[in-house]
Amino acid sequence: AAAGSASAIKQVKLEKESELRIEVGHETPLRIRLVSGTAEIFGTEMPPEIWLSFPPRHKFAVFTWYGATIDMDGDTETDYTADETPMVSYVNVHAILDARRNRAKASASDSESPQGPRVIVVGPTDSGKSTLTRMLLSWAAKQGWKPTFVDLDIGQGSITIPGCISATPIELPIDPVEGVPLEMPLVYFFGHVTPSNNVELYKVLVKELAHTLERQFSGNAESRAAGMVINTMGWIEGVGYELLQHAIDTFKANVVLVLGQEKLFSMLKKDVLKINPNVDVVKLQRSGGVVSRNPKFRQKFRSLRTREYFYGLTNDLSPHANIANFSDLFIYRIGGGPQAPHSALPIGAKPVADPLRLAPVNINRDLLHVVLAVSFATEPDQIVSSNVAGFIYVTEVDIQRKKVTYLAPSPGELPGKFLVMGTLTWLET
Ligand code: ATP
């Protein structure tokens, strides 16, 4: 609404330790502002008196520790006040983590820089994992730490487009509207939105990401002391559970926060402590404010994330359309094909798919609407283990002229020669 429609403004008074839960309407953005008192949005303090604009369908809460008055201007799907929240238990976790960071920093010596907390947040879908991760990072950043945010959620990640696992240092409390700054994250491209497409590859990429971070930490006592907060997927049964254990192990997590599920908590407690008795496995309550999202919403969210990569959150970026000859593109797919030709196998043996096999992709119409990653690899055999510079989106395949048109975030030559293809597609709307 325009500034003139003052009549539409609704004022909400929040008592201490309560929150205003909002789902923005489906059509137009919602503006809110802090009129008095103090309040935060998922760990980041609201600036006084300044209107913040949230996009349609955005779901969030304004929490106050000491009381606040909030103005709302625009349509909401729902908005209500809740005074029962798990925030006190969350901030207590933060206080413990903070003490550990201080201890790590204080005991740093020339030879060995001690490790701050490595926190991993686990739980079923829609238990508030991403939100808790965000709060812990923002509270730490407010205190002057630069913790590393690791996002292993290939479906609903917060750092880059779907289908990736990634990490980035958090230097300032996370902006409630813009989210995590997209500058220079460390990104590995899995290429699918569910790990079951290639569990082996997922594990390899988790390992690569962990090793790269470990290398970075070894030269940086400050970020080592600040530690990391790792967000995970909501898949917690069967292979999903195995992948959680794999992540805890690979990142050497020393704090496991289990959100909202007794069974997962007791299973992890038993299995994790068996391997390393020094890990703290902590059960935390799910917030009643967490909104469940159905598969259709998740799909829509993924599409929006991809759109945001190319066009920016508010259409503030303009991607460039480029044209390339078929012969100039080197596209690879990881996994899938048979490992050895039939003839090379012992009689009776079935060919097994090698999950890490690299196969060149023939360019045809199947490439249309595919999102490809631009690998940093300089040789094909590095592709599986390399991180990626960014993404391109195929908008046209001209078979006759043997030319591909694609969108890239910036003009000019791509930052790498090799492209990686998964099952990730996007329909520009
Ligand atoms: P996933 O299943 O994708 O891993 P998750 O467990 O990470 O989900 P979140 O993304 O943290 O869950 O939360 C789900 C949705 O609920 C998000 O849109 C988030 O902004 C919203 N949400 C979380 N906490 C609150 C709250 N207290 N009040 C209002 N909305 C909230």
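Please refer to the structure higher up on the page.
Residues numbered from 1 in each chain as written. Predicted model: local features only at pLDDT ≥ 70, side-chain atom pairs only at ≥ 80, totals over all residues. Heavy atoms only, no water.

## Considering the site of the ligand
As a matter of local geometry, the ligand sits amid 22 residues, with Glu 19, Lys 59, Ser 130, Thr 131 and Arg 293 nearest to it. Here an oxygen atom of the ligand sits 2.9 Å away from a polar atom, N or O, in the main chain of Gly 128. Residue Ser 287 places a side-chain N or O atom 3.4 Å away from a nitrogen atom belonging to the ligand. Coverage of the ligand by the protein amounts to 92% of the 630 Å² it exposes when considered alone. Counted by class, the shell around the ligand contains six nonpolar, eight polar and eight charged residues. (Near = heavy atom within 4 Å. Polar contact = N/O pair within 3.5 Å; in protein donor to acceptor, adjacent residues only side chain to side chain. Areas by Shrake-Rupley, 256 points an atom, 1.4 Å probe, with all protein chains shown as cover. Nonpolar A, V, L, I, M, F, W, Y, C, P; charged D, E, K, R; others polar.)

## With respect to the environment of His 246
In this structure, His 246 sits in helix α5 (residues 239-250). For the pair His 246 and Lys 207, spaced 39 residues apart in sequence, the C-alpha separation works out to 9.1 Å. Residue contacts for His 246: discarding those within four places in its chain leaves Lys 203, Val 206 and Lys 207. (Helix = DSSP H or I, 4+ residues; strand = E, 2+ residues; numbered from the N terminus. Contact = heavy atoms within 4.5 Å.)

## Re the sheet that holds strand β10 (residues 118-122)
Here seven strands make up an open sheet; going across it, the order is β13-β12-β11-β14-β10-β15-β16 and the pairing mixed. The open sheet is flanked by β13 (186-189) and β16 (280-284), the only strands paired with a single partner. Across the sheet, the axes of successive neighbouring strands diverge by a mean angle of 15°, strand direction being ignored. Bridging between strand β11 (residues 148-151) and strand β12 (residues 164-169) involves four bridges; their strand directions are antiparallel. Opposite Phe 149, over in β12, you have Thr 168 as the bridge partner. Helix α2 (residues 129-142) rests against β10, β11, β14 (228-231), β15 (255-259) and β16 of the sheet, and its axis sits at about 170° to β14. (Pairing = 2+ DSSP bridges. Axes fitted to C-alpha atoms, helices over the stretch in contact; angles between N-to-C directions.)

## Re the nonpolar core
Among the nonpolar cores identified, the biggest contains 60 residues, and Leu 152, Leu 209, Phe 251 and Phe 391 are the most heavily contacted of them. Ranked by residues supplied to this core, first place goes to helix α3 (residues 199-218) with nine residues. Ignoring sequence-local partners within four residues, the contact set of Leu 152 consists of Ile 165, Tyr 202, Val 206, Leu 209, Ile 230, Asn 231, Thr 232, Met 233, Ala 247 and Phe 251. Residues Phe 63, Tyr 90, Ile 170 and Leu 259 belong to the second largest nonpolar core, which totals 24 residues. (Core = buried A, V, L, I, M, F, W, Y, C linked by side-chain atoms within 4.5 Å. Buried < 20%, exposed > 50% of the residue type's maximum accessible area, 1.4 Å probe, protein only.)

## Section: the sheet that holds strand β5 (residues 44-45)
On the basis of which strands lie adjacent, the open sheet formed by five strands has the order β5-β4-β7-β2-β9 and antiparallel pairing. Two strands lie at the open edges of the sheet, namely β5 and β9 (76-82), each paired on one side alone. Bridge analysis of strand β4 (residues 40-41) against β5 gives two bridges, and the strand direction is antiparallel. Paired with Glu 40 across the strands is Glu 45, a residue of β5.

## What about the pairing of β10?
In terms of burial, β10 is a largely internal element, five of the five residues being buried. Neither face of β10 is exposed, since Arg 118, Ile 120 and Val 122 on one face and Val 119 and Val 121 on the opposite face are all buried. Of the pairings in the sheet, the one linking β10 to β14 comprises four bridges and is parallel in character. Counted as the bridge partner of Arg 118 is Met 228 from β14. Relative to β15, β10 is paired through four bridges, and the arrangement is parallel. Within β15, the position partnered with Val 122 by the bridge is Val 258.

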